[in-house]
Amino acid sequence: MEKRRIIIVSLLLIFILTAGLFIYFAASSQEESDNSKINVAVSIGPQVEFVKAVGGDKVNVILMVPSGSDPHTYEPLPEQLTSISKARMYAEVGTPVEFETNYMSKIKSINPNMLIVNCSKGIELMPNTAENESDEIDPHVWTNPKNAEIMVENIYQGLVQIDPSNKDYYQKNRDQYLQKLDELDKNTTKTFKEKHTPIILVFHPAFGYYAKAYNLTMIAAMINDEEPSPQRIAMMVDTAKKNNISAVFTEPQYNPKYMQSVASQIGGRVVFVNDLDENYLQNMENVAKAFSGS
């Protein structure tokens, strides 16, 4: 009986040891697989989809401004700055987004060998007139799908530069995603032709490029990144009443109380839209439906 017990215990120990070794090597294999991917850092959510669309299973994306945070005010965490040391490429928006103007110098110093890709290269930038800052550039270029196409092209060029052996793979992915962006633009254009939507009342003026692309007038409550005054709210209420507007818009990273005030005074509703969602294609379809009242 004692001998049988020893055999059973020995077999159990062998099983546990074998299982442990299997788990260890599986984890090591996964880590090695992850390490073989190209680490690409980006500033904002939409760039996550852009990089993944082109890079596919050959990239790992590091997002610096997480979902729900404001790139105008966000400060990177120490662990995020540490992760930059492992990145081979940083896809910056390339416009005066405060996160980049405040921290790109530090980010570059952490990893001076990292390729910096300016995603806005080739985009026609427009003044930030929505915030009465005509001498400033509107940083929100990504909200126009045609600008997104240029950003994707710049990301593609960067990936090819650091990984030329997979150029064909990246090119195929790029072409497929550019086709989807083109379809998004055409569908959005059709949506606003069918729905008469001349004015959108927003809290934060993130949709200037979007409004220009689809012949809308954007009026924002926030001016110069400051909380709106009572006079500004009264102006928006008056505009809504004169134009029979029943929906006003805000973004999830901002306090909705100001737009709720407008909505309550016009008997309307507040609708949330997001220019920073990581799921760019689906999100921009949702934005078009929201602005058009579809």
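The residue numbers shown here count from 1 along each chain, following its written sequence. Where local features are concerned, this predicted model is filtered to residues with pLDDT of at least 70; where side-chain atom pairs are given and counted, the filter is 80 or more; whole-chain, interface and lining totals use all residues. Heavy atoms from the whole structure form the basis of all side-chain values; hydrogens and water molecules are not counted.

### Looking at the sheet that holds strand β4 (residues 115–118)
Being paired, for any two strands, means DSSP has found at least two bridges between them. Segments assigned H or I by DSSP are reported as helices when at least four residues long, segments assigned E as strands when at least two residues long, and all are numbered from the N terminus. Here we have 4 strands laid out as an open sheet, ordered β2-β1-β3-β4, and parallel in their pairing. A strand with exactly one partner marks an edge of an open sheet, and here the two such strands are β2 (59–63) and β4. Strand-to-strand twist of the sheet, defined as the mean angle between neighbouring strand axes without regard to direction, takes the value 25°. Sheet analysis places strand β1 (residues 38–42) next to strand β3 (residues 89–92), joined by 3 bridges and oriented parallel. Looking across to β3, one finds that A41 is bridged to Y90. Throughout, a residue-residue contact means that at least one pair of heavy atoms, one from each residue, lies within 4.5 Å. Structural elements are reduced to axes, namely lines fitted to C-alpha atoms, with helices fitted over the stretch in contact, and the angle between N-to-C directions of any two is expressed from 0 to 180 degrees. Helix-sheet contacts for helix α4 (residues 98–110) involve β3 and β4, and the interaxial angle to β3 is about 165°.

### A few points about the pairing of β1
Along any regular strand, the residues point their side chains to alternate faces of the sheet. Each residue is assigned to one of three classes by its accessible area relative to the maximum for its type, calculated with a 1.4 Å probe on protein chains only: buried under 20%, partly exposed between the two thresholds, exposed over 50%. Burial of β1 is extensive: 5 of the 5 residues sit out of reach of the surface. The two faces of β1 match: I38, V40 and V42 on one face and N39 and A41 on the other face are all buried. Of the pairings in the sheet, the one linking β1 to β2 comprises 5 bridges and is parallel in character. The residue bridging I38 from the neighbouring strand is V59, located in β2. Handedness of the crossover is the feature at issue here: the chain leaves β1, passes through helix α2 (residues 45–55), returns alongside β2, and the resulting connection is right-handed. Note on handedness: a crossover is taken as right-handed if, strands pointing away from the viewer, the path from the first strand over the helix to the second is clockwise.

### Observations concerning the nonpolar core
In these notes, a set of buried Ala, Val, Leu, Ile, Met, Phe, Trp, Tyr and Cys residues joined through side-chain atoms within 4.5 Å is what counts as a nonpolar core. I107, Y210 and F291 are the most contacted members of the largest nonpolar core, which has 73 residues in total. In terms of nonpolar packing, the next biggest core, distinct from the first, is built from 18 residues, F203, I219, V237 and A240 among them.

### Description of the pattern of salt bridges
Any Lys or Arg side-chain nitrogen found within 4 Å of a carboxyl oxygen on Asp or Glu counts as a salt bridge. Applying the stated rule across the entire model yields 6 salt bridges. For E153, the salt bridge is made with R174, and the minimal N-O distance between the two is 3.1 Å. Placement of the pair is E153 in helix α5 (residues 145–162) and R174 in helix α6 (residues 167–194), with a sequence separation of 21 residues. We classify R174 as buried; its relative accessible area is 11%. When salt bridges with common partners are traced through the structure, they connect K146, E149, D182 and K186 into a single cluster.

### Examining the pairing of strand β10 (residues 269–272)
Judged from the 4 bridges that link them, strand β9 (residues 247–250) and β10 form a sheet pairing that is parallel. Paired with A247 across the strands is R269, a residue of β10. In this fold, β9 hands off to helix α9 (residues 257–266), which returns the chain to β10; that crossover is right-handed.

### So, unusual backbone geometry
Negative phi values dominate among residues other than glycine, just as trans dominates among peptide bonds. Its identity is not glycine, yet N215 carries a phi of approximately 60°, on the positive side. Among the residues examined, N215 registers a relative accessible area of 69% and is labelled exposed. In this structure, N244 takes a positive phi of about 55° despite not being glycine. As for its placement among the helices and strands, N244 is situated in the loop between α8 (230–242) and β9.

### What about the side chain of N274?
Within the secondary structure layout, N274 lies in the loop between β10 and α10 (280–292). Setting aside residues up to four positions removed in sequence, N274 forms contacts with F207, P252, Q253, N283 and V287.

### Observations concerning α4
One less than the residue count of a helix, multiplied by 1.5 Å, gives the span that helix is expected to have. For α4, built from 13 residues, the straight-helix expectation of 18 Å at 1.5 Å per residue is met to within 8% by its first-to-last C-alpha distance of 19 Å. Here the bend at a residue is taken as the angle between two axes, fitted respectively to the seven residues that end there and the seven that start there. Along its length, α4 reaches its greatest deviation from straightness, about 50°, at M104. Every buried residue of α4 is accounted for by F99, E100, Y103, M104 and I107.

Function-wise, these values are silent; they only describe arrangement.
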